[in-house]
Amino acid sequence: MSIRFHTPVRLKMVIDPKPRRAPWRDPSQISNARSFALMAAGVLIGLVLAGYSLFTARSASTLIVPAEDVALVNQQPVSRADYLALLQTLYGVDLSHATQEQRHKVLDDMIREELFVQRGKELDVAATDPDVRSALVNAVELEIAENAMTSQPSEAALRQFFETHEDRYVSEGVMRVKDLVFPASALPELSAEPEALERMISDAQTLARLNGRDSGRTKDEEFYFAAKIHLGDELFAAARGLASGMVSKPIQMPDGIHVLEMEQNKHPVPFGFAAARAQVLSDYRNQAVDKLKLSGESFLRKRANVLVADDLR
Amino acid sequence: MRFLIVLIMASLLVAAVFAADGYAARQLLRADPDALPADAMLLRFGVRRGRPLFEARCAVCHRTAGSGDPARGVPNLTDNDWLYGTGRPAEIEKVIDYGIRSRNPKSWNLAIMPAYARPQPNPADKNIQPLSPRDIDDVIEFLMRRQGRQADAAAGARGASLFTGHGGCYDCHSIDAKGDSAIGAPNLSDDVTLYGDGSREALHMSIAYGRQGVCPAWVNRASAASIRELALYVYSISHPGAIENGY
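This one's a predicted model, so the numbers in the text were calculated from it and none came from an experiment. (Residues numbered from 1 in each chain as written. Chains lettered and ligands numbered in written order. Predicted model: local features only at pLDDT ≥ 70, side-chain atom pairs only at ≥ 80, totals over all residues.)

K.L.:
Just checking my understanding: could you explain the overall build of chain A for this structure?
P.N.:
In terms of helices and strands, chain A carries 11 helices and seven strands. For chain A, the C-alpha radius of gyration of 41 Å lies well beyond 20 Å, the compact-globule estimate for 313 residues. Considering only C-alpha atoms, chain A reaches an extent of 135 × 60 × 60 Å along its principal axes. The buried share of chain A, taken over its 313 residues, is 16%. Of the contacts made within chain A by residues no fewer than 6 positions apart, 60% connect residues no fewer than 24 positions apart. (Helix = DSSP H or I, 4+ residues; strand = E, 2+ residues; numbered from the N terminus. Rg over C-alpha atoms; globule rule 2.2 N^0.38 Å. Buried ≥ 20, exposed ≤ 12 C-beta atoms within 10 Å, placed from the backbone. Contact = placed C-beta atoms within 7 Å.)

K.L.:
Quick question: what am I supposed to make of unusual backbone geometry here?
P.N.:
If a residue is not glycine, its phi is most likely negative; likewise, a peptide bond is most likely trans. A positive phi angle, near 55°, is found at B:Asn80, a position not held by glycine. Mapped onto the fold, B:Asn80 is located in the loop between helix H3 (59-62) and helix H4 (89-98).

K.L.:
Looking at this model, I keep getting lost on the nonpolar core. Mind explaining?
P.N.:
As a rule of thumb, soluble globular proteins bury nonpolar side chains together. The biggest cluster of nonpolar side chains holds 41 residues, and the ones touching the most others in it are B:Ile96, B:Leu230, B:Ala231, B:Leu232, B:Tyr233 and B:Val234. Elements with a contribution of two residues or more to this core: helix H3 (80-91) of chain A together with helix H1 (2-30), helix H2 (40-57), H4 and helix H9 (224-238) of chain B. If one sorts the elements of this core by residue count, H9(B) sits on top with 10 residues. Not counting residues up to four positions away in its chain, the partners in contact with B:Ala231 are B:Pro33, B:Pro89, B:Ile92, B:Glu93 and B:Ile96. (Core = buried A, V, L, I, M, F, W, Y, C linked by C-beta atoms within 7 Å.)

K.L.:
Would you mind going over the environment of A:Ser151 with me for this structure?
P.N.:
Residue and element names in this part refer to chain A. In this structure, Ser-151 sits in the loop between helix H5 (130-150) and helix H6 (155-164). What makes Ser-151 exposed here is the crowd of 12 C-beta atoms within 10 Å. On a C-alpha basis, the gap between Ser-151 and Ala-127 in space is 34 Å, while along the polypeptide they are 24 residues apart.

K.L.:
Would you take a moment to explain the interface of chain A and chain B for this structure?
P.N.:
Where interface size is given, it is often the accessible area lost as the parts come together that is meant. Listed as interface residues are 32 residues of chain A and, on the opposing side, 38 residues of chain B. When contributions to the side of chain A that touches chain B are tallied by element, the ones reaching two or more residues are H3, H5, strand S5 (222-223), helix H9 (224-231) and helix H11 (273-303) of chain A.

K.L.:
Explain the pairing of strand S3 (residues 174-182) of chain A to me, please; I cannot follow it from the model alone.
P.N.:
As a general feature of sheets, a regular strand has side chains that alternate between the two faces. All names here are of chain A. As defined by bridge partners, S3 adjoins S5 across two bridges and the pair is classed as antiparallel. In the sheet register, Met-175 faces S5, and the bridge partner there is Glu-222. Pairing geometry for S3 and strand S7 (residues 256-266), over nine bridges, is antiparallel. Paired with Asp-179 across the bridge in S7 is Leu-260. Where S3 and strand S4 (residues 213-214) come together, two bridges link them in antiparallel fashion. (Pairing = 2+ DSSP bridges.)

K.L.:
Sorry if this is basic, but what is going on with the confidence of the model for chain B here?
P.N.:
As a general rule, the predicted coordinates of low-pLDDT regions are not to be interpreted in detail. In the predicted model, chain B carries a mean pLDDT of 91, and the fraction of residues at 70 or more is 98%. Model confidence for the complex: the whole-complex pTM is 0.79, and ipTM, which rates the interface, is 0.81. (pLDDT = per-residue confidence, 0-100.)

K.L.:
Can you walk me through helix H4 (residues 100-123) of chain A in this structure?
P.N.:
In an α-helix, one turn spans 3.6 residues; hence positions three or four apart end up facing the same way. Helix length check: H4(A) (24 residues) gives 34 Å between terminal C-alpha atoms against 34 Å at 1.5 Å per residue, within 8%. At the C-terminal side of H4(A), A:Asp124 shows a positive phi close to 55°. (Expected span 1.5 Å × (residues − 1).)

Given below as structure tokens:
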């Protein structure tokens, strides 16, 4: 059986005054030889490309170690970056200064680790080893969180977050307060009138007569949280409301009557957005990570087939 | 026919360019990153490809020129003053790979700047105690003196003993306040500031309310080749003339 190609005859060719060229060189003519040559070239290029992809693709079994890896262990790559980092950690040298023994030792250690990891997967050690389980949970959470960590929120989103949670971004209050303590018997003599009480405690003789003394609980300037620890909740609550230069009413406590003399009280001041931005960004990302973790967990639960024992339903 | 020949030649040329590019990319990946600055051809290749990556991924924080932003605590990458490591390409690559406090287990996360005006300055280290407002002011005066600026001498002396004593600052920033690039503790004795303008207010914000900047990990978000190219680009902007001089 023979294949016959239809070759159109053109009248123009007959009257064309130009000298005739070989049919395979003339694109205006149909040439079987040229067609076969081009087809063969196409097939050859296709085969080369397919072969290259087949032997270098990540998912395919390959005989070539990718440039970013130092080894393939059962087709699992051992990263070059990890290799260099381990070389630096173990011997404090970079690749060009490492000896042949050091290079081999590190590579061998990494191959050994990969082999054991693969064996661990085969044995399903995650089913029994709590450390492996915990490491896997952390790794999956990290993978889920990565999107939030690498994306940069817009300034508008950060500002909106800041405005929604403004109460978080305040300075710590500072106070310098003197805590005077009197015996309970002095109560009738201690005036409830702040101005009179201020005069009494500023007079050393009156103070001595009433057996008043500095409790020593506070000294110098203190942050609010420190003052709260030193004074206790009740006295701190009274102190917090005093403006600088004010004196509190006598406060009865189990150890006597306390009078607080506020020398300086700087209330917490809200930070501006610019000052709080670093913290806002951190909080924003933490919130985004938490949201992603929740949605990741919800997705896992949705696709899972979980059967719970009758008695625990 | 001539058109066909031109087409084939152009295709071959494109294929050759692609092949050469692929070869250079593989060479780049296989090379010791610290040896790359000495290889002018590979360095130029990496820097050329790293620049658009930097603009796409890093410039949003570090700015297009890599000059950083002290208002946000984003370090300047052009001044060859390194917070982490000494600026070797392998160290830069490690930061890009795993980040800083990025939650990646391999990230650089050895220390944070505690918030000394909070009840628990560093939740991860219960041994660090808060400082009083006066203590913080004294430490600020000490740092101002350390930088050769005008400061209260008596307060500075008290600050020095806090710095090397119960304040615990020396633990990260070292006794001479020159910092420790192994843990990312900045040098406090020079005029390079990571946060703010170096004023008393800026120092107060750092000491009182702490700092813990984050750089994301790109290891699972970018290819190994892209990360190496980025590292070389960052190296090149911090070492002006590196490409021309080949060092």
